[in-house]
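# Reading the structure
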Amino acid sequence: MEIRISFSFLIASIQLVDAKPKLGERGPLILKEIVSQPWAASWKSATLKNVRLISEKPDLCQPLNLPPVWSALISGPDGASGHLIWDSVGEGKLVEFSLDGKFQVKGVSGRVISGVPSFQQFPIMGEDLKPVASGCVPTAAASVVSYWASGRFPSWRGHEGKTPKDLVLRLRSKLNMTLFPDVDGFTPNRMALAGAYPSELLEVLKAETVAYDLPIQIGLGRFSFPLFKKEIDKSRPALLSCMVRVAHKPHLSWPHEVAGVGYYEIDNVNLVGVIDNFFPTDHKETIRWIRQDAFRSILILRPLEKE
């Protein structure tokens, strides 16, 4: 552990030296382009505050060694808020952003599927009678399953319970969840985190389609933006694995599973719109927009069409 900590600290120090201070000035320009989109017109007076250069926590237990970035809070209309992150090297391109609110995003630059429920991770009682997180994999999966259960496949809700938590717990019970002590401060109460592999989720969802007699084809593969775009254009949300910073704690980073619901192009970068199950916001409909290079795998669900 000491070797890992020292190595991570060295990497962070080298990356900070490479950061270009002048790129901190790109934030307002990126924000201007964001709020110039037709769907974000109500935020045209938004400004940035708390602009700072952020590095990954040097002694992070499981470091991703993500480079330093410029980070800022967005001050929007009527006390609304958001966040903005952009590169500290190169051209200072947009990395991610969010506007805390409900928007109808559609047009030539992208679109978002409406009606995908947003669920946040929640504590459950572990075997040692201490709280553990529900986990990003089953919580994200519950959002996508609920989308299909609310529309074409109501039987997928099952008979075990009708609340979102019931569905998360059902999916979670079928996964091989691994617990990780929260030594870095991801959660306010330092409850243990819980993880699972997308490949295991694939098998769980396949088994569910058999159990509930659902005409749905499910597949897992390497993330591809054109493939993801095709799924969104067909109104099919996808489950995505990514390597990202924690939106509200950008000095922390982790492998994460989210529900992919949209795409857009801003600042000449392709963005993936996700429902993040570990992102406290005022509006459940808030979309977190993340640059495509953060994503690793895509799990797609395609209803079989009648011939």
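Residues numbered from 1 in each chain as written. Predicted model: local features only at pLDDT ≥ 70, side-chain atom pairs only at ≥ 80, totals over all residues. Heavy atoms only, no water.

## Remarks on helix 6 (residues 225-233)
Put simply, the test is: Throughout, exposure labels follow a simple rule: accessible area from a 1.4 Å probe, protein chains only, divided by the maximum for the residue type, with under 20% read as buried, over 50% as exposed, and the rest as partly exposed. The numbering of helices and of strands both runs from the N terminus, where a helix is a DSSP run of H or I of at least 4 residues and a strand a run of E of at least 2. Note that the arc is computed from the directions linking the helix axis to the C-beta atoms. Residues are treated as being in contact if the distance between any of their heavy atoms lies within 4.5 Å.
Of all the residues in helix 6, the buried ones are Phe-225, Phe-228, Glu-231 and Ile-232. Axial view of helix 6: buried residues confined to an arc of 120 degrees, hence all on one face. On the buried face of helix 6, the contacting elements are strand 6 (110-112), strand 12 (238-246), strand 13 (249-266), strand 14 (269-275) and strand 16 (295-303). Directly after helix 6, the chain includes Ser-235, whose backbone phi takes a positive value near 60 degrees.

## Side note on the packing of aromatic side chains
For clarity, the threshold we go by: Between 30 and 60 degrees the pair is tilted, below 30 it is stacked and above 60 it is edge-to-face, where a pair is any two Phe, Tyr or Trp rings, Trp via its six-membered ring, whose centres lie within 6.5 Å. Note on geometry: a ring has a charge over it if NZ (lysine) or CZ (arginine) is within 6 Å of the ring centre and within 35 degrees of the ring normal.
A full pass over the atoms with the stated rule returns 13 aromatic pairs. Seen from their ring centres, Trp-254 and Phe-278 are 4.8 Å apart, and the 65 degrees between their planes marks the pair as edge-to-face. Of this pair, Trp-254 sits in strand 13 while Phe-278 sits in the loop between strand 14 and strand 15 (288-291), and the two are 24 residues apart along the sequence. Grouped by ring-pair contacts, the aromatic residues Trp-39, Trp-43, Phe-97, Phe-103, Tyr-264 and Trp-289 constitute a single cluster. Between Lys-165 and the ring centre of Phe-122, over which it is positioned, the NZ or CZ distance is 5.0 Å.

## Structural notes on the pairing of strand 15
This is how it is decided: Strand pairing is defined by DSSP finding a minimum of two bridges between the two strands.
Burial along strand 15 is two-sided: Arg-288 and Ile-290 facing one way and Trp-289 and Arg-291 facing the other are all buried. Pairing of strand 4 (residues 94-99) with strand 15 involves three bridges; the strand directions are antiparallel. For Phe-97, the partnering residue across the bridge sits in strand 15 and is Trp-289. Direction of pairing for strand 14 relative to strand 15: antiparallel, over a ladder of four bridges. Note on strand 15: the bridge partner recorded for Leu-271 is Arg-291.

## Here's the deal with the nonpolar core
Heads up, the condition is: Among buried residues, those of type Ala, Val, Leu, Ile, Met, Phe, Trp, Tyr and Cys that are joined through side-chain atoms within 4.5 Å constitute a nonpolar core.
In this structure, Leu-84, Phe-97, Trp-156, Leu-205, Leu-240 and Phe-295 are the most contacted members of the largest nonpolar core, which totals 92 residues. Here this core takes ten residues from helix 3 (residues 136-149), the largest share from any one element. Contacts of Phe-295, omitting those with residues within four sequence positions, involve Phe-223, Leu-240, Ser-241, Cys-242, Val-258, Val-272, Val-274 and Ile-290.

## Some details on the side chain of Asp-87
Counted only if it meets this: For this analysis, a polar contact is any N or O atom pair within 3.5 Å, provided that within protein one partner can donate a hydrogen and the other can accept it, and provided that sequence-adjacent residues contribute only side-chain to side-chain pairs.
Looking at the secondary structure, you find Asp-87 in strand 3 (residues 81-87). Side chain to side chain, Asp-87 and Arg-291 meet in a polar contact 2.9 Å long. Those residues in contact with Asp-87, other than ones at most four positions away along the chain, are Leu-23, Trp-70, Gly-92, Lys-93, Val-95 and Arg-291.

## Quick look at the environment of Asp-233
Along the chain, Asp-233 turns up in helix 6. Separated by 30 residues in the primary sequence, Asp-233 and Tyr-263 have C-alpha atoms spaced 9.4 Å apart. Every residue in contact with Asp-233, bar those within four places of it in the chain, is listed here: Arg-111 and Tyr-263. One polar contact links Asp-233 to Tyr-263, side chain to side chain, over a distance of 2.7 Å.

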